[in-house]
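Listed below are the residues making up each chain.
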Amino acid sequence: MSAEAAAAAEAKPGEEPNSGDKRKREDEPEVNAAAVLKQLTFYFSDSNLPKDKFLRELTAKGDEGWVDFATIAKFKRMVDLCPTQDLTVLGGIVREGDSDLLEVSEDNKKIRRSPKHALPAESKTDKQSIYVKGWDLKGTTIDSVEKYFTDKGYKVLATRLRRAPATREFKGSTFVELSSVEEAQKCVAEKHMVADRVLLVEMKEAYHERKSAERKERLKKRKLESGDGQGLQAGAAAAEPAEFVPGCVLKFEGLTDETRREDIKEVFEKLAEVSWVDFQQGDTSGELRFAAGTAQAAKDGYEKAPTEINGKIPTLTVLVGEEEKAFWVKVAESKKQKYDRSRRNKGGGRGWGNRRSGGGGRGKRKSGDGENSASKKAKAE
């Protein structure tokens, strides 16, 4: 769900702005019509609509794709751009803007993407997007990023500020979608600076490949260093997996970096029982584990009626033979690492808890007892 959509979802029911009075009141704030039209166009554009799960659901639920202006007006950025309570202003802006992409209902209360513009079968968003790092953490906005590139002669289709999931603080990096792959490649080849800072600019797909390789290298390093040297060593034989039922693993590739584990599970659990999703947010590929060897059935069911996941149709492969065995070896190694860490952590606790003086019996507490648990309970209440 996009940030704009989340803001709409949190709005209190019954707070629909007044759309009955078409006359502009004296206390109505001025509205930047060009900025409003631009934002409305973005919501329903090829760059946003395929990825905006909330808005896609609204268009699917609505009659012939119509979405109430009352809902759109509650999106955070629309509240900033158009604080007026007169919703007819929005309809008027779209009509006067003579947009070929957008349509307004006869009663001036709804908006939709014109049926003349079907969503593309394959999104080009990721291919023509760049990753840019080095922005000021405090003063950077969507508008300031867009202005930087438009001043250099580029047409910007979309800008996304990257934020930390837990705090929502800006991370200093952005994804910027340009008008074509060629324009994106040209932009990457140039040197970019803001004030005295050099910006790191690379193709979005190259960024994800680099980050994926870095994550794999870190995982490999942790495995080598874990268990006081008992982890995998160069040239050592890999651990054998426990017995497994063949045909349970389905590999998927080609998703966007913004895809969540829940998005994947939501689609495939309708086809077969999903036991686990091996996937980290930020990756574009992973594996699904199904119960009782049903991976092929899930693959067949999906390919018969494919559903986009954040605007992408993934490529599916049922793991068999050595590839399947290698996957289960990886699972076995991961479980062993977790078990070893757990034993080391528990070992330290027992040594301290057995001390009678000042220990207060901590070593004998069962899971769920003690100050930690009481604190959690208090927070829950």
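Below you will find a few notes about this structure. Predicted model, so just to flag it, every value in this text is computed and none were measured.

1. So, the overall build of the protein chain
Secondary structure assignment for the protein chain yields 13 helices and 13 strands. Residues counted as buried form 37% of the 381 residues belonging to the protein chain. Taken as a whole, the protein chain presents about 23,100 Å² of accessible surface, with 50% of it coming from carbon and sulfur.

2. As for the sheet that holds strand S6 (residues 170-178)
Spatial strand order, S5-S6-S4-S9: four strands in an open sheet with antiparallel pairing. Looking at strand neighbours, the two that pair on one side only are strand S5 (156-163) and strand S9 (200-203), the edges of this open sheet. With strand direction ignored, the average angle separating the axes of adjacent strands in the sheet is 20°. Alignment of strand S4 (residues 129-133) against S9, held across four bridges, turns out to be antiparallel. Its bridge partner being in S9, Val132 is matched across the sheet by Val201.

3. As for the packing of helix H2 (residues 33-43) against helix H6 (residues 88-97)
It is at 10 Å that the axes of H2 and H6 come closest, and there the two elements cross at 85°. In this view, H2 runs roughly perpendicular relative to H6, as classed from their interaxial angle. Note on element contacts: H6 touches H2 through Leu90, Ile93, Val94 and Gly97, opposite Ala33, Val36, Leu37 and Leu40. Here the contact of H2 with H6 is built from residues that sort into seven nonpolar, one polar and no charged.

4. Topic: the pattern of salt bridges
One side chain can pair with another of opposite charge once the charged atoms of both are near each other. All chains considered together, the criterion is met by 24 salt bridges. For the salt bridge of Arg77 with Asp143, the shortest nitrogen-to-oxygen distance reads 2.9 Å. Taken together, the residues span a long stretch of sequence, with Arg77 in helix H5 (residues 76-81) and Asp143 in helix H7 (residues 142-151) at a distance of 66 residues. Notably, a salt bridge pairs Lys147 with Asp151, separated by 2.8 Å at the nearest N-O pair. Of this pair, Lys147 and Asp151 both sit in helix H7, four residues apart, which is roughly one turn of that helix. Each of Lys51, Asp126, Lys204 and Asp257 takes part in a single network of salt bridges with overlapping partners.

Quick notes on the rules
Residues numbered from 1 in each chain as written. Predicted model: local features only at pLDDT ≥ 70, side-chain atom pairs only at ≥ 80, totals over all residues. Heavy atoms only, no water. Helix = DSSP H or I, 4+ residues; strand = E, 2+ residues; numbered from the N terminus. Buried < 20%, exposed > 50% of the residue type's maximum accessible area, 1.4 Å probe, protein only. Areas by Shrake-Rupley, 256 points an atom, 1.4 Å probe, with all protein chains shown as cover. Pairing = 2+ DSSP bridges. Axes fitted to C-alpha atoms, helices over the stretch in contact; angles between N-to-C directions. Parallel < 35°, antiparallel > 145°, perpendicular 65-115°, else oblique. Contact = heavy atoms within 4.5 Å. Nonpolar A, V, L, I, M, F, W, Y, C, P; charged D, E, K, R; others polar. Salt bridge = Lys/Arg side-chain N within 4 Å of Asp/Glu carboxyl O.

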